[in-house]
Amino acid sequence: MRKQTDKAIDGCIIQAILSVPPEDMKRKMSYEKVQQLVCMLAMVAWQKDNGAKRLLQLILLHTAWEVGSGQLHYSVLEESQHGSFVGRIAQDLGLEVSELVPRMFRMVSKGQEEHFQVNVQNGILFVNSRIDREDLCAKNMDCAIHLEVIVDKPLRVFHVEVEIKDINDNAPVFSVHEQVLAVAESRVAGSRFLLSSASDADIDANAVITYKLSPNDYFILDSGSEEDQSKSPVLVLKAPLDREKDPLHHLLLTATDGGKPQLSGTVQLVINVLDANDNPPVFNQSVYRVKLLENAANGTLVIKLNATDLDEGINKEISYFFSNNVPSSFTKIFSISSNTGELRVFGKVDFEDVNLYDLQVVAEDKGNFPLSGHCKVRIEVLDMNDNAPEVTVSSLSVPVPENSPPGTVVALISISDRDSGANGQVTCSIWPSELPFKLTSSFKNYYSLVLAEPLDRERVAEYSLVLTAQDQGEPPLSASSSLVVPISDVNDNAPTFAQPSYTIFVKENNPPGAHIFTMSASDPDVAENALISYWLDEKQWPLSSYISVHSESGKLYALQPLDYEKVKLLEFQVRAKDAGLPSLCGNVTIQVFVLDENDNTPVVSGPTEDTPILLKVPVAAGFVVGKIHALDTDSGYNAWLHYELRDSTSSLWRVGLYSGEISTARTLEEAEGINIQSLLVVVKDHGKPVLSTTATFSVSLVAGTQAAQSDARLSRTFGNAKPLADTANLYLIIAICSVSSLFLLVILVYVALRCQSQTKEEMMYGPGTATLVCASEVGSWSYSNRHSHILAGVSGEPGAKSDLMVFSPNIPVLSESGKELVPNAAGQVSCMEPLLFLKFLLASSHMFWLQSFLEGE
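Residues numbered from 1 in each chain as written. Predicted model: local features only at pLDDT ≥ 70, side-chain atom pairs only at ≥ 80, totals over all residues. Heavy atoms only, no water.

A.B. asks: Requested: an account of the state of the cysteines, with residues and values cited.
C.D. replies: Tallied over the full model, the rule gives 1 disulfide. Linked covalently through their sulfurs, C137 and C143 form a disulfide whose S-S length is 1.9 Å. Because the sign of the S-S torsion sets the handedness, a value of about 70° for the bond joining C137 and C143 places this disulfide among the right-handed ones. The pair formed by C137 and C143 is uniform in burial state, with each residue classed as buried. (Disulfide = S-S within 2.5 Å. Buried < 20%, exposed > 50% of the residue type's maximum accessible area, 1.4 Å probe, protein only.)

Shown next, in the form of structure tokens:
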């Protein structure tokens, strides 16, 4: 029972193997079929114990595996119409139809027409143009078109072979339309005569030619055995000829091939029956075999043929020539001497074109009725290393991004050599070897150029390399191909400035929109990755009203005039950003120092001509009367001030050059008179150009006795204020009329201005000796004045810089009740009644005018 089961299983396996069509055996078997066979064989091996059957199963398993592991193979009949189905190439390659277009499915037919195309919509390989097997492969038994299928993502190459099968589309053809034979009547039965054979461009059964001779009484046909299909037909004499009866015979020779349907060709045989020469020349062997190196020089002796003829005389002389069966292309390569029978090289012998020559040589005597013999010379051409390898770059993916990882395929390279054996074995290499590329072998004579190291376009932007292919012949031949691999840029470098910070000096009062500086950042990248734009970083301090930067040129502009007195330093950051994706930034710190210009005039603060300084004479020389305080908002030399008197001829006063202190130039006596002196002080800075201002300093000289009398009158008026006011008004009118109306006008204006001044400037004095205290750079000093004089307290605006020192008298301030008034927290005291104060002023003024008048007399 078990034996029957084993036999049944073996029968199933053999039937499964034999069920595979020859086309599928040549073409790559699908993985499913191989898997079914392997599983079936494994099951049988598990169940059986017989060693011989296990061995058979392993052999079958190996055969199935070999069938499944070959390259993809199809077959198609020649002369197939356009669009004829060849095979489902996408399915057989394991590719999905939907991914053919995204993966850039393409097919390359090396060095030939595009006889095939692939429909990327369904993955079917079809015939694209007419295929003539005879044009492609001539008489070669194996005729195939090799295709390369390339897909990307990832890059893969598949090799497809399409076998072109022959059809019976060529009829046998004779080289001549009519063949004339001369046969001596003396020839005995069985004599043989070589006829011109027919040729058929087809192969195999389609090229198997059978000959048929038209019915006759004298001749039969010997077309050779089935093993020697290339043998020419031989006409055999069946019965002796009788020239007197039939001097001429017309026969029809028909050649029919073995195709379906059969095709045939014919030739007319004209046989002249002759007398005389009845012994043909004979070669010592029917076939001569010779080996010849390719590229043999013209005139090289191949072989010397020798035929013998038993006749005598002229019938023994022999001439040699090629039969009509020899192709015309062969006669252009070889020649034979008609007299000596020497076969020599006449043209180029190339192994790669034809490696085997069969030459039919005829030896014919020179009798009146020539007889001939024939032989075959078979010349085998030996290969020499005469073809250098050929390097072809079939796919080049450039430019290569500089961030490509190692292993990225850059190019596909194919190497070919027309020679055979060791002469056709080729190795490929790269020069120079230190480049970041390497070659990997992907298939026979196919290489992939891949990255071996990371790239940096900023270091090397382009690589020039040489691909060298060298065969193994003696001597070895090589070929090279130059390849340029450009590197494309990626944004991997941020813009950088030449230095981390810049210091700029700009003069103040610049025009609006003035260009003050140009910065430049560099980026070693290219194109948009090196396109730099500039902008201000205003996170730390808003600068939009002061500074702007041009986004393309990097020029800095001052949007408004800069004022040193307001802004002395602008510090900010400028950022440079490229246009890459993602963009990268660099920054630089900018310090703009504003340089001072002499654009501010010195400003004097303090008393003017309206507020004279009360000075009691006599005083000693060098007595400091006051000090001019001036301020210049500039800096440096532009703010360094010096003082001088406008009227330098005055001998009473002098001013400190840099301190501004006004002091007496000599001792002043009471004899100098009672008057008010005005000093014009010029304050200048040291800038270029020099700016200056003037200040008027008034000094009232008062005698000591007059000051005491004025104090006594003031104290008496406090008892009865209103009557004294009426008397003072009347006295004032009389005094003004008697002195001068002009002087009265000046005094009234002066009094009105003083009464309208601030409250803190109003003060009243009580009786006693006035002691003035002055604060200066040299300390404090005091003195008494015997004359009564007005001393006004002046103060500038809060926070102002005062260069004019104010003298504050220590005269007690009294109220109406006779008590001393104490200043408040602001340093202010209350003012006396206007009429009483006016009476005091008029009395003092009258005395001053009167003294001046007497001095003028």
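Picking up after the structure, the text goes on.
A.B. asks: Please give an account of the sheet that holds strand β26 (residues 390-396) that cites residues and values.
C.D. replies: Taken in spatial order, the 4 strands line up as β26-β28-β31-β30 in an open sheet, and their pairing is antiparallel. The two strands at the open ends of the sheet, each matched to only one other strand, are β26 and β30 (437-443). Looking at each pair of strands side by side, their axes are set apart by 30° on average, direction ignored. As paired strands, strand β28 (residues 409-416) and strand β31 (residues 446-451) are joined by 5 bridges and run antiparallel to one another. Note on β31: the bridge partner recorded for S414 is Y446. (Pairing = 2+ DSSP bridges. Helix = DSSP H or I, 4+ residues; strand = E, 2+ residues; numbered from the N terminus. Axes fitted to C-alpha atoms, helices over the stretch in contact; angles between N-to-C directions.)

A.B. asks: Describe the sheet that holds strand β44 (residues 613-617), and please don't skip the residues or the numbers.
C.D. replies: Pairing is mixed across the open sheet formed by 4 strands, whose spatial order is β44-β51-β50-β47. Here the strands that pair on one side only, and so sit at the sheet edges, are β44 and β47 (641-645). The sheet shows a mean angle of 35° between the axes of neighbouring strands, taken without regard to direction. Across 5 bridges, the pairing between β44 and strand β51 (residues 692-703) is parallel. Within β51, the position partnered with V617 by the bridge is A703.

A.B. asks: How would you sum up the confidence of the model for the chain? Please name residues and give values.
C.D. replies: For the chain, per-residue confidence averages 76 on the pLDDT scale, and residues scoring 70 or more make up 72% of the total. Confidence drops under a pLDDT of 50 for residues 63-70, and excluding neighbours within four residues, the segment shows 12 contacts in the predicted structure. Scored below 50 in pLDDT, residues 758-857 shows 221 contacts in the model against residues more than four places distant or in partner chains. (pLDDT = per-residue confidence, 0-100. Contact = heavy atoms within 4.5 Å.)

A.B. asks: Now, about unusual backbone geometry: what can you tell me, with residues and values included?
C.D. replies: For the bond running from W431 to P432, omega is -5°, close enough to zero to count as cis. For the bond running from K688 to P689, omega is 0°, close enough to zero to count as cis. Turning to its location among the elements, P689 is positioned in the loop between β50 (676-685) and β51. We note that N295 has phi near 65°; this positive angle belongs to a residue other than glycine. On the secondary structure map, N295 appears in the loop between β18 (287-293) and β19 (301-304). Overall, N295 belongs to the partly exposed group, its relative accessible area being 37%.

A.B. asks: If you had to explain the pattern of salt bridges to someone new, which residues and values would you point to?
C.D. replies: Applying the stated rule across the entire model yields 13 salt bridges. One salt bridge connects D132 with R130, and the closest N-O pair in it is separated by 3.4 Å. Since its relative accessible area comes to 13%, D132 is described here as buried. Residue D353 pairs with R418 through a salt bridge whose shortest N-O separation is 3.5 Å. Highlighted residues: D353 in the loop between β23 (342-345) and β24 (356-365) and R418 in the loop between β28 and β29 (426-431), separated in sequence by 65 residues. By relative accessible area, which is 56% here, D353 ends up exposed. Each of the salt bridges in this network shares a partner with another, and the network as a whole consists of E79, R130 and D132. (Salt bridge = Lys/Arg side-chain N within 4 Å of Asp/Glu carboxyl O.)

A.B. asks: Which residues make up the packing of aromatic side chains, and what values do they have?
C.D. replies: All chains considered together, the criterion is met by 10 aromatic pairs. Pairing F505 with F593 gives two aromatic rings, centres 5.6 Å apart and planes at 25°, and the pair type is stacked. Taken together, the positions of F505 in strand β35 (residues 501-507) and F593 in strand β42 (residues 585-595) put the pair 88 residues apart, joining distant regions of the chain. For F505, a relative accessible area of 56% corresponds to the exposed category. On the accessibility criterion, F593 (29% relative accessible area) is partly exposed. Measuring from ring centre to ring centre gives 5.7 Å for Y637 and W640, while their planes differ by 70°; the resulting arrangement is edge-to-face. (Phe/Tyr/Trp six-rings, centres within 6.5 Å; stacked < 30°, edge-to-face > 60°.)

A.B. asks: I'd love a proper account of the side chain of D417, names of residues and values included.
C.D. replies: Tracing the sequence through the fold places D417 in the loop between β28 and β29. For D417, which is buried and forms no salt bridge, the nearest opposite charge comes from R418, at a distance of 7.6 Å. Here the side chain of D417 touches D419 through a polar contact of 3.0 Å, landing on its backbone nitrogen. Once residues within four sequence positions are removed from consideration, D417 is found in contact with N387, A388, P389, N423, G424, V426 and D471. (Lys, Arg positive; Asp, Glu negative; His and termini not counted. Polar contact = N/O pair within 3.5 Å; in protein donor to acceptor, adjacent residues only side chain to side chain.)

A.B. asks: Explain the environment of D152 to me, and be specific about the residues and the numbers.
C.D. replies: Along the chain, the position of D152 falls in the loop between β6 (144-151) and β7 (156-165). With relative accessibility at 15%, the residue D152 sits in the buried group. Residues D152 and R103 lie 49 residues apart in sequence; the distance between their C-alpha atoms is 4.8 Å. With residues near it in sequence (within four places) discarded, D152 still touches R103, M104 and R106. A polar contact is formed between the side chain of D152 and the side chain of R106, at a distance of 3.3 Å.

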